Amino acid sequence: MKNRSLALICTLLLLLSLTGCRKGTDGSMTIAEQYGLAYAPVQVMRVLGLIEKRVPDAQVNWDQVGNTAAIREAMIAGHVDIGFGAIPPFLIGYEHGMSWRISSGVSQAPVGLITTDSEINTIADLGSKDTIALPQPGSIQHMLLSMEAQKLLGTADALDSNILTMSHPDGYQALISNSITAHFTSPPYIFREQGLAGARMILSGEEAFGAPFTFIVGYATEEFHEKEPELYEAFTSALQEAIDLITEDPTEAAALLADVYELEPSVIEAYLREEGMIFSSEILGMEHFGSFMYEQGYLEDIPVARELLVWE
Amino acid sequence: MNKRPRRTIEHVLWIASFLLLWELIVSTGFVSELILPSLLDILRALVDDLVGGTLLLRIGVSLALVFGGMILGTLFALILSIVSYLFPLLASGVEVLTSIAHPLPGIALLPLVILWFGTGTLSIFFIVIHAVLWPMVINFNAGFSSVNRTFLDIGRNYEYGRWGLIIHVLIPSSWSYMVAGLRIAWARSWRAVISAEMVFGVIGLYGGLGWYIFNKRVFMDTSGMYAGLLVLIIIGLVIEDILFKRIERRVKHSNGGAQ
């Protein structure tokens, strides 16, 4: 009996210790893959094998992860080394003690609030019955909406009770079927929605923010950055090559991406050439996001200096 | 009689050792606090939100949805069951409908429900009714058909009409079936509400417990997430092990001889 309970306790301990198990240095890396046009350099990097080109024996795994919260969790669990997303969810993770930093900017992109309701011209026209779909609270879309709410309505959380969380494709469907009033979305949905009859953009991300800002950045865990310097280096330079390729030759990039997005190359190319689609490793707007989120209580402390948030 | 207190002591000891193990693992520092926060942090998160009132509001919203849905769903089920008792032709229709709808998890219907009712509380309410209605129909039908013929004959001797028989004989003798149905309905609808709220919910006033946990997740408040789970466990225990057990005991006493 005693032996049995001892065995039971040991098994439990073993199981629990496994959850904290992290990958060692074995020349492999796992990147969380995301769809959406703003992630185009990530897809180009994957399709062309740009990391493998630099480190031929590297084993690069691509994981499909649903949203930023899931990417964070996968990175905490040690299953993912590199992820992509917006600055606000990164800052939330950093504040809660995640050992990760931004490695590079990926893109700026037109984001905005689209409505099909002809009566609504600014967010001040939204009533208590109106609903706004966006990916999740704490997302960049939520922060941009809060910034505008603070400017126009006096309080940042004025519209929080109007928000519904929906993925971009669900939000698109909901806008078409008129079951929501407005959708805060990003490319390519923002382009498609603006093409709908009666649909208009009543707020752009840049208006809300007051300046251009980086929409998607890439983040890497400290563990990966420390233990796999060669792979990390290969990743950043591969990402830069992909960014350059899309900027210099959108036609070729579109041809590469056609299979990934299951769209005609001409459509992708038109999207890539849209005004406001800028692929760049620059990181813009981090300080402003940080101070706004701190002032509004989304972060408890003002974020630390940029040098501590970005790898070298 | 001797066994019960012993079991209770055993249960308490088990819970205590789980908690102890938890704290031990946390204190080793092997597991990140973002995965396994200390019990004190979880308790603090729980108390903070309870005192602040947000958590009570969330619990209230979820329970109101479930209980509202259970009352309405039971009523619909009763109507369907009475109708099928009175009209055998309709009975087969209800039977077909039930066997189609019963196995469908509410959460799988959600995308469709959004198309019908839009997003928000009404859609979640619909999912709850769906979760309640079909098990209740099945149990009412089982209850009605299990009624002893002798009771029906006695009822007829009292010169009850169709309705009289339903009200004075059928329904009272199906109490235990109804309670069993409610138990299933509770389990299904409670799970449905929490998961529906996690798929989409409203920030602010009308979000329930599922929304609470989801919100803790996106803002990376791991202790808060565990606090939400703790509340789920407590509510589940209170309702399933205390409330339903009491009701069942009562029903057994009141019509123990009826079947």
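Residues numbered from 1 in each chain as written. Chains lettered and ligands numbered in written order. Predicted model: local features only at pLDDT ≥ 70, side-chain atom pairs only at ≥ 80, totals over all residues. Heavy atoms only, no water.

## Things to note about the overall build of chain A
Right, on to step 1. Scanning chain A from terminus to terminus reveals 15 helices and eleven strands.
Right, on to step 2. Taking 20 Å as the expected radius of gyration for a compact globule of 312 residues, we find that chain A reaches 21 Å, a close match to that expectation.
Right, on to step 3. Residues classed as buried in chain A amount to 54% of the 312 residues present.
Right, on to step 4. Carbon and sulfur atoms make up 51% of the accessible area of chain A, which amounts to about 13500 Å² in all.
Right, on to step 5. Of the side chains in chain A, 16 bear a positive and 43 a negative charge, and the two mean positions are spaced by 9 Å. (Helix = DSSP H or I, 4+ residues; strand = E, 2+ residues; numbered from the N terminus. Rg over C-alpha atoms; globule rule 2.2 N^0.38 Å. Buried < 20%, exposed > 50% of the residue type's maximum accessible area, 1.4 Å probe, protein only. Areas by Shrake-Rupley, 256 points an atom, 1.4 Å probe, with all protein chains shown as cover. Lys, Arg positive; Asp, Glu negative; His and termini not counted. Charge placed at Lys NZ, Arg CZ, Asp CG, Glu CD.)

## Comments concerning the domain arrangement of chain A
All names here are of chain A.
Right, on to step 1. Per the domain assignment, the segments of chain A are domain 1 (29-109 + 215-309) and domain 2 (112-209).
Right, on to step 2. Opposite the 21 residues of domain 1 that make contact, domain 2 presents 19 residues.
Right, on to step 3. On the domain 1 side of the contact with domain 2, Phe289, Phe292 and Tyr298 bury the most area, a combined 31% of that side's loss.
Right, on to step 4. Across the contact surface, domain 1 and domain 2 share zero salt bridges.
Right, on to step 5. For the side of domain 1 that touches domain 2, the secondary-structure elements that each account for two or more residues are helix H4 (68-76), helix H5 (87-95) and helix H14 (286-295).
Right, on to step 6. Split into classes, the residues belonging to the side of domain 1 that touches domain 2 amount to 14 nonpolar, six polar and one charged. (Domains from an automatic or database assignment. Contact = heavy atoms within 4.5 Å. Buried area = accessible area lost by both parts, 1.4 Å probe. Salt bridge = Lys/Arg side-chain N within 4 Å of Asp/Glu carboxyl O. Nonpolar A, V, L, I, M, F, W, Y, C, P; charged D, E, K, R; others polar.)

## Some points on unusual backbone geometry
Right, on to step 1. Pro187 of chain A connects to Pro188 of chain A through a cis peptide bond whose omega is 0 degrees.
Right, on to step 2. Relative to the helices and strands, Pro188 of chain A resides in the loop between strand E8 (182-185) and helix H8 (189-194).
Right, on to step 3. Not every positive phi belongs to a glycine, and Asn178 of chain A is a case in point at roughly 60 degrees.
Right, on to step 4. Considering the arrangement of structural elements, one finds Asn178 of chain A in the loop between helix H7 (168-176) and E8.
Right, on to step 5. Non-glycine residue Met220 of chain B carries a positive phi angle of around 55 degrees.
Right, on to step 6. Along the chain, Met220 of chain B falls in the loop between helix H10 (209-218) and helix H11 (222-255).

## Things to note about the pattern of salt bridges
Right, on to step 1. Within this structure, the stated rule accounts for 14 salt bridges over all chains.
Right, on to step 2. Among the salt bridges present, the one from Arg217 of chain B reaches Glu73 of chain A, with a minimum N-O distance of 2.7 Å. Taken together, the positions of Arg217 of chain B in helix H10 and Glu73 of chain A in helix H4 put the pair across two chains.
Right, on to step 3. The class for Arg217 of chain B is partly exposed, based on a relative accessible area of 23%.
Right, on to step 4. The class for Glu73 of chain A is partly exposed, based on a relative accessible area of 32%.
Right, on to step 5. We note a salt bridge from Arg156 of chain B to Asp153 of chain B, for which the minimum N-O separation is 3.2 Å. On the criterion of helical spacing, the pair formed by Arg156 of chain B and Asp153 of chain B is a turn pair, its members being three residues apart in helix H7 (residues 149-157).
Right, on to step 6. By relative accessible area, Asp153 of chain B is classed as partly exposed at 42%.
Right, on to step 7. Among the charged side chains, a network of salt bridges with common partners joins Lys53, Arg54 and Glu241 of chain A.

## Considerations on the environment of Val26 of chain B
Residues and elements named next belong to chain B.
Right, on to step 1. Along the chain, the position of Val26 falls in helix H1 (residues 3-28).
Right, on to step 2. Judged by its relative accessible area of 17%, Val26 is buried.
Right, on to step 3. C-alpha separation for the pair Val26 and Leu36, spaced ten residues apart in sequence, amounts to 6.7 Å.
Right, on to step 4. When sequence neighbours within four positions are dropped, the list of residues in contact with Val26 reads Leu36, Pro37 and Ser38.

## Looking at the domain arrangement of chain B
Residues and elements named next belong to chain B.
Right, on to step 1. Domain boundaries in chain B define domain 1 (1-31) and domain 2 (37-255).
Right, on to step 2. Its C-alpha centre places domain 1 at a distance of 31 Å from the equivalent point of domain 2.
Right, on to step 3. The interface of domain 1 with domain 2 comprises four residues on the first partner and five residues on the second.
Right, on to step 4. Carbon and sulfur atoms supply 75% of the area buried between domain 1 and domain 2, which totals about 390 Å² over both sides.

## A word on the packing of H7 of chain B against helix H8 (residues 162-173) of chain B
Residues and elements named next belong to chain B.
Right, on to step 1. Between H7 and H8, the shortest axis-to-axis distance is 10 Å and the interhelical angle comes to 140 degrees. In this structure, H7 crosses over H8, and the sense of that crossing is right-handed. The segment H7 lies against H8, with Phe151, Leu152, Gly155 and Arg156 engaging Leu165, Val169 and Leu170.
Right, on to step 2. When grouped by side-chain class, the residues that make up the contact of H7 with H8 number five nonpolar, one polar and one charged. (Axes fitted to C-alpha atoms, helices over the stretch in contact; angles between N-to-C directions. Left-handed = near helix turned anticlockwise from the far one by under 90°.)

## Regarding helix H2 (residues 40-47) of chain A
Residues and elements named next belong to chain A.
Right, on to step 1. Taken across its eight residues, H2 has six buried, putting it largely inside the fold.
Right, on to step 2. Buried within H2 we find Ala40, Pro41, Val42, Gln43, Val44 and Met45.
Right, on to step 3. Trailing H2 by a residue or two, Gly49 shows a phi angle of about 60 degrees, which is positive.

## Structural notes on the packing of aromatic side chains
Right, on to step 1. Tallying each qualifying case throughout the model produces 21 aromatic pairs over all chains.
Right, on to step 2. Here Arg192 of chain A stacks its cationic end above the ring of Tyr172 of chain A, 5.5 Å away from the centre of that ring. (Phe/Tyr/Trp six-rings, centres within 6.5 Å; stacked < 30°, edge-to-face > 60°. Lys NZ or Arg CZ within 6 Å of the ring centre and 35° of its normal.)

## Things to note about the confidence of the model for chain B
Right, on to step 1. For chain B, mean pLDDT is 86; residues scoring 70 or higher make up 93% of the total.
Right, on to step 2. When mean pLDDT is taken per element in chain B, helix H2 (residues 39-52) of chain B scores highest with 93 and helix H5 (residues 106-117) of chain B scores lowest with 80. (pLDDT = per-residue confidence, 0-100.)

## Examining the sheet that holds strand E6 (residues 132-134) of chain A
Sheets are built from strands paired through backbone hydrogen bonds, the pairs being either parallel or antiparallel.
Residue and element names in this part refer to chain A.
Right, on to step 1. Taken in spatial order, the five strands make up an open sheet running E7-E6-E8-E5-E9, and their pairing is mixed. Looking at which strands have only one partner, the edges of the open sheet turn out to be strand E7 (163-165) and strand E9 (200-204). Between one strand axis and the next, the sheet turns through 30 degrees on average, direction left out of account.
Right, on to step 2. Across two bridges, E6 lies against E8 in parallel orientation. Note on E8: the bridge partner recorded for Ile132 is Ala182. (Pairing = 2+ DSSP bridges.)

## Notes on the pairing of strand E10 (residues 216-221) of chain A
All names here are of chain A.
Right, on to step 1. Most of E10 is tucked away: six of the six residues are buried.
Right, on to step 2. The alternating pattern of E10 places Ile216, Gly218 and Ala220 and Val217, Tyr219 and Thr221 on opposite faces, both of which are buried.
Right, on to step 3. Strand direction decides the pairing type here: strand E4 (residues 100-108) and E10, joined by six bridges, are antiparallel. For Arg101, the partnering residue across the bridge sits in E10 and is Ala220.

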